Amino acid sequence: PAPPQAPSHPADARPAWSWEQLVGGKLFAAIGALVVVTGLALFLKLAYDLGWLNQISGAGKCSIGAGFGVALLLVGELARRRWNALASGGLSAAGIGAIYASTFSAFRFYELLSPPAAFALLAGVSLLGIAVAVRARLASVAFLSILGAYLTPVLMAQPDAPVYILPAYLLIVCAHGLVLSAMHKRFRMLRSLVWWGTAVMGGFWVLARANDEAALAVAFCALTWLAFHAELLW
């Protein structure tokens, strides 16, 4: 007869989930990140209300805001390495938001950027957020970054832009979301986000341009259909 197998040791098994692990680890780390971001935001608001930033030029304010966002991204990466991804989620999302807001302010309020340059920079910030989300596997950061990517053409609408710019841009954003959704199940929510974003914005574009650009409208709808079904098949 075969010899009896040795019983498995409790130390070899993965420890069971418990509320103590949640409260003592991930929950406190997430609350700490939220407190840091909230405290820094309140300090900046206080400095603005008291006029501490009146002596700084528009370019200086935007540069400080963008630098603040980069610093939050670096702290978020440090928190991810030191603790876990949940601890860095709020910091990374706040960093992307600060860079995005600084870039838009440089264009809209201080007129430091031309429309094409501002559009390119805002799209680049969204891509940066997607890269950060992929590295840290943070679905929340990817969600906010793609949402910002869809807001970019709304904020930067130019009536004299080439007709193919918006559908091409929507297909690129859609492809990023679908690729992330296919890569890992934690990014599955992005499929719904890019579906609604592409359907709503692309639908309005098709309704407005279908009579004049029928071939381009049909090609856009066909490529969108193929992209979503390819991701589902994958």
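Everything below is about the structure printed above this text.
Note that the structure is predicted; figures quoted are calculated from it, not measured. (Residues numbered from 1 in each chain as written. Predicted model: local features only at pLDDT ≥ 70, side-chain atom pairs only at ≥ 80, totals over all residues. Heavy atoms only, no water.)

Engineer: Report on the packing of aromatic side chains, specifying residues and quantitative values.
Structural biologist: Enumeration according to the criterion identifies three aromatic pairs in this entry. Summarising the aromatic geometry, the rings of Trp195 and Phe228 are spaced 5.6 Å apart at their centres and angled 90° between planes, so their arrangement reads as edge-to-face. Residue Trp195 is found in helix α7 (residues 189-209), and its partner Phe228 is found in helix α8 (residues 214-233); the two are separated by 33 residues along the sequence. Taking the relative accessible area as the measure of exposure, Trp195 reaches 43% and is therefore partly exposed. For Phe228, a relative accessible area of 10% corresponds to the buried category. (Phe/Tyr/Trp six-rings, centres within 6.5 Å; stacked < 30°, edge-to-face > 60°. Helix = DSSP H or I, 4+ residues; strand = E, 2+ residues; numbered from the N terminus. Buried < 20%, exposed > 50% of the residue type's maximum accessible area, 1.4 Å probe, protein only.)

Engineer: Quick rundown of the nonpolar core? Include the residues and the values.
Structural biologist: Core analysis: the biggest nonpolar cluster contains 28 residues, and Ile146, Tyr150, Leu190 and Val194 have the highest contact counts within it. Those residues within four positions of Tyr150 in sequence are excluded, and the remaining contacts are Leu170, Val173, Cys174, Leu193, Val194, Gly197, Thr198 and Met201. (Core = buried A, V, L, I, M, F, W, Y, C linked by side-chain atoms within 4.5 Å. Contact = heavy atoms within 4.5 Å.)

Engineer: Any chance you could break down unusual backbone geometry for me, citing the residues and the numbers?
Structural biologist: What is expected of a backbone is that most residues other than glycine have negative phi and most peptide bonds are trans. The backbone of Arg137 shows a phi angle near 55°, a positive value even though the residue is not glycine. Positionally, Arg137 belongs in the loop between α4 (115-136) and α5 (139-155).

Engineer: Can you explain the environment of Ala168? Please cite residues and give values.
Structural biologist: Of note, Ala168 is situated in helix α6 (residues 165-183). A C-alpha to C-alpha distance of 8.1 Å links Ala168 and Phe220, two positions 52 residues apart in sequence.

Engineer: Which residues make up the environment of Ala106, and what values go with them?
Structural biologist: Along the polypeptide, Ala106 turns up in helix α3 (residues 85-108). As for Ala106 and Lys61, which are separated by 45 residues in sequence, their C-alpha atoms are 8.9 Å apart. Other than its neighbours up to four places away in sequence, Ala106 contacts Cys62, Glu111, Leu112 and Leu113.

Engineer: Can you lay out a positive patch on the surface for me, pointing to particular residues and giving the numbers?
Structural biologist: Together, Arg137, Lys185, Arg186 and Arg188 make up a region of like positive charge exposed at the surface. Along the chain, the position of Arg188 falls in the loop between α6 and α7. Note on Arg188: relative accessible area 38%, which makes it partly exposed. (Patch = residues over 30% accessible without salt bridge, like charges linked within 9 Å, V, L, I, M, F, W, Y side chains within 5 Å. Areas by Shrake-Rupley, 256 points an atom, 1.4 Å probe, with all protein chains shown as cover. Salt bridge = Lys/Arg side-chain N within 4 Å of Asp/Glu carboxyl O. Lys, Arg positive; Asp, Glu negative; His and termini not counted. Charge placed at Lys NZ, Arg CZ, Asp CG, Glu CD.)

Engineer: Which residues make up α4, and what are the values?
Structural biologist: Over its 22 residues, α4 runs 32 Å from end to end, which matches the ideal 32 Å to within 8%, given 1.5 Å per residue. Those residues of α4 that sit buried are Ala118, Leu122, Ala123, Val125, Ser126, Gly129, Ile130, Ala133 and Ala136. Buried residues of α4 fall within an arc of 155° about the axis and therefore sit on the same side. Residues of α4 that are exposed and angled more than 90 degrees away from the buried face: Pro116 and Arg135. Just past α4, the residue Arg137 takes up positive phi, approximately 55°. (Expected span 1.5 Å × (residues − 1). Arc of directions from axis to C-beta.)

Engineer: Could you give me a rundown of the packing of α5 against α6, with the residues and numbers involved?
Structural biologist: Pairs of packed helices are described in terms of their axes, by the angle between the two and the distance that separates them. One way to put it is that α5 packs onto α6 with a least axis distance of 10 Å and a crossing angle of 175°. Viewed along their axes, α5 and α6 adopt a mutual orientation that is roughly antiparallel. Taken together, the residues of α6 that come into contact with α5 (itself represented by Ala142, Ile146, Ala149, Tyr150, Thr152 and Pro153) are Leu166, Tyr169, Leu170, Val173, Cys174, Gly177 and Leu180. Within the contact of α5 with α6, the residues separate by chemical class into eleven nonpolar, two polar and no charged. (Axes fitted to C-alpha atoms, helices over the stretch in contact; angles between N-to-C directions. Parallel < 35°, antiparallel > 145°, perpendicular 65-115°, else oblique. Nonpolar A, V, L, I, M, F, W, Y, C, P; charged D, E, K, R; others polar.)

Engineer: Residues and numbers for the packing of α6 against α8, please.
Structural biologist: Running from amino to carboxyl end, α6 crosses α8 at an angle of 5°, the nearest separation of the two axes being 10 Å. Here α6 lies roughly parallel to α8, going by the angle between them. Within the contact between the two elements, α6 uses Pro167, Leu170, Leu171, Cys174, Leu178, Ser181 and Ala182 and α8 uses Phe220, Leu223, Thr224, Ala227, Phe228 and Glu231.

So yeah, pure geometry; function would need other evidence.
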